[in-house]
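# Structural features, examined
So the chains spell out like this:
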Amino acid sequence: MNGLFDVAVVGATGAVGKEMISILQERDFPVRDIYPLASPRSAGSEIEFRGKTRTVTRLDEFDFSKTQIALFSAGGSVSAEYAPKAGKAGCVVIDNSSHFRYEPDIPLVVPEVNAYTLDLHTKRNIIANPNCSTIQMVVALYPLHVAAGIERINVATYQSVSGTGGKAIDALERQTADLMNGRPVEPSVYPKQIAFNALPHIDVFMDNGYTKEEMKMVWETRKIMGDDSILVNPTAVRIPVFYGHSEAVHIETAKKLGVDEAREILRAAPGVVVMDEREDGGYPTAAIESAGSDEVFVGRIREDITHPKGLNLWIVSDNLRKGAALNSVQIAEILAKTHLSAAA
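Residues numbered from 1 in each chain as written. Predicted model: local features only at pLDDT ≥ 70, side-chain atom pairs only at ≥ 80, totals over all residues. Heavy atoms only, no water.

### Re the nonpolar core
Membership of the largest hydrophobic core comes to 55 residues, with the highest contact counts inside it found for F64, L141, L144, I153, I251, L266 and L313. Of all the elements, helix 4 (residues 132-148) adds the most residues to this core, at eight residues. Apart from residues no more than four positions distant in its own chain, L144 is found in contact with G149, I150, I251, L257, A262, I265, L266 and L313. Grouped together as the second largest cluster of nonpolar side chains are 33 residues, V16, I23, L71 and L118 included. (Core = buried A, V, L, I, M, F, W, Y, C linked by side-chain atoms within 4.5 Å. Buried < 20%, exposed > 50% of the residue type's maximum accessible area, 1.4 Å probe, protein only. Helix = DSSP H or I, 4+ residues; strand = E, 2+ residues; numbered from the N terminus. Contact = heavy atoms within 4.5 Å.)

This is the structure in structure tokens:
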């Protein structure tokens, strides 16, 4: 690292913001000073960083010229207003919202896949962090794409409620307790009961019948993997799990890829853990393996019995860590090493 950096965390009191602060500490990021920022409603609360208490201050009153890096996780409307202001002040923004992801002059980065695109950040001083479900999928699929050329992806996601935020976690807890105690359930956060249920609906519906969450996976996969010819057919489902997203992924490749070769490629891939034993419990799960872990876990690797060049995989990762906060911090680490000057 090139010295120490002043870092702002926007949305510091939210689930992802808290995780960002925790991971900066865990990975010993070279922070000289940290500025936790939030809305006026959350300003005045406190966070702990490296044994010291820091007071959360108002985003709308902050001067970003005091920082070199800002991690944003406060929603698209906040990013739309404040990320350009931070960028113009000379601070590099790593934004976790979807607001900037599809703009051609802003890099959309998963470090294990396309860190080389970070050079583009100088145009606007903004880097986009992809969607959680896209991140874990491309970490696993990119090395297979390099080896065999992925032509088509069919994916069904099984996404935890923490992807929606703290209110959804509270709703799942409350609904579960109500049902277990014979009380009627009042749906909240989601349009239907989430406890003991599965909702094939994440984000708003688009004109083509897909949801925006599903279309994010289409747009983002192509941009990150640098190949607009890849066909992506997703179904995104919310399930009653607190942390960790799971995905059933089916790929079709230009070159046939056998199971043994795929396993070896994935074992050598950065950020991937292969857990693929054909026995009871020989596969990764969201609640046990992924929750609290940094890696993307892959199991159930098998040839598709309906397609001569098809392969099936089960991909699991912690959506708050690799799916959001960790990916952002990994980007910041690369910037600190190769792109930015430390605090004066």
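Let us keep going from here.
### Structural notes on the pairing of strand 2 (residues 31-38)
On any regular strand, side chains alternate: one points to one face of the sheet, the next to the other face. Across the eight residues of strand 2, six count as buried, placing the element largely inside the fold. Between the parallel pair strand 1 (residues 5-10) and strand 2, the chain is carried across by helix 1 (residues 15-26), and the sense of this crossover is right-handed. Two elements, strand 2 and strand 5 (residues 57-58), share two bridges in a ladder whose sense is parallel. Residue pairing in the sheet places A38 in a bridge with R58 of strand 5. (Right-handed = clockwise from strand over helix to strand, strands pointing away. Pairing = 2+ DSSP bridges.)

### A few points about empty space enclosed by the protein
Remark: the empty space left among the atoms is shown by a probe the size of a water molecule rolled over them. In total, this model carries one cavity of 30 Å³ or more according to the counting rule given. In this structure, the largest cavity encloses a volume near 30 Å³. Lining the largest cavity are I251, E252, T253, L257, K309, G310 and L311. Elements represented by at least two residues in the lining of the largest cavity include exactly strand 11 (245-253) and strand 14 (310-317). (1 Å grid on protein atoms, 1.4 Å probe; cavity = no way out; pocket = protein on both sides within 12 Å on 5 of 7 lines; lining within 4 Å. Points joined across faces, edges and corners; volume = space filled by probe spheres on them.)

### Topic: helix 4
Helix length check: helix 4, at 17 residues, gives a terminal C-alpha distance of 25 Å against a target of 24 Å (1.5 Å per residue), a fit within 8%. Taken across its 17 residues, helix 4 has 14 buried, putting it largely inside the fold. Backbone geometry just after helix 4 places G149 at a positive phi near 70 degrees. (Expected span 1.5 Å × (residues − 1).)

### Examining the sheet that holds strand 1
One open sheet accounts for six strands, arranged 5-2-1-6-7-8; its pairing is parallel. Across the chains shown, the open sheet's two edge strands, defined by having one partner strand only, are strand 5 and strand 8 (126-128). Helix-sheet contacts for helix 1 involve strand 1, strand 2 and strand 6 (69-72), and the interaxial angle to strand 1 is about 155 degrees. (Axes fitted to C-alpha atoms, helices over the stretch in contact; angles between N-to-C directions.)

### A look at the packing of aromatic side chains
Where two aromatic rings form a pair, the distance of their centres and the angle of their planes describe that pair. Following the criterion strictly, the structure yields six aromatic pairs and no others. When the centroid spacing of 6.4 Å and the interplanar angle of 45 degrees are considered together, the rings of F5 and F29 count as tilted. Taken as a pair, F5 in strand 1 and F29 in the loop between helix 1 and strand 2 lie far apart in primary sequence, 24 residues in all. Each ring, one from Y102 and one from W219, has its centre 5.1 Å from the other, and the planes form 70 degrees; the classification is edge-to-face. Here the residue Y102 occupies a position in the loop between strand 7 (92-95) and helix 3 (111-114), and W219 occupies one in helix 6 (residues 212-225), the gap between them amounting to 117 residues. The structure contains a cluster of three or more aromatic residues connected by ring pairs, namely Y35, F62, F64 and F72. (Phe/Tyr/Trp six-rings, centres within 6.5 Å; stacked < 30°, edge-to-face > 60°.)

### Points about unusual backbone geometry
In terms of backbone geometry, most residues other than glycine have negative phi values and most peptide bonds are trans. Even without glycine at this site, N125 takes up a positive phi of about 60 degrees. Even without being glycine, V189 reaches a positive phi, approximately 70 degrees. Looking at the element boundaries, V189 is found in the loop between helix 5 (166-180) and helix 6.

Remember that the coordinates give geometry; whether it matters functionally is a separate question.
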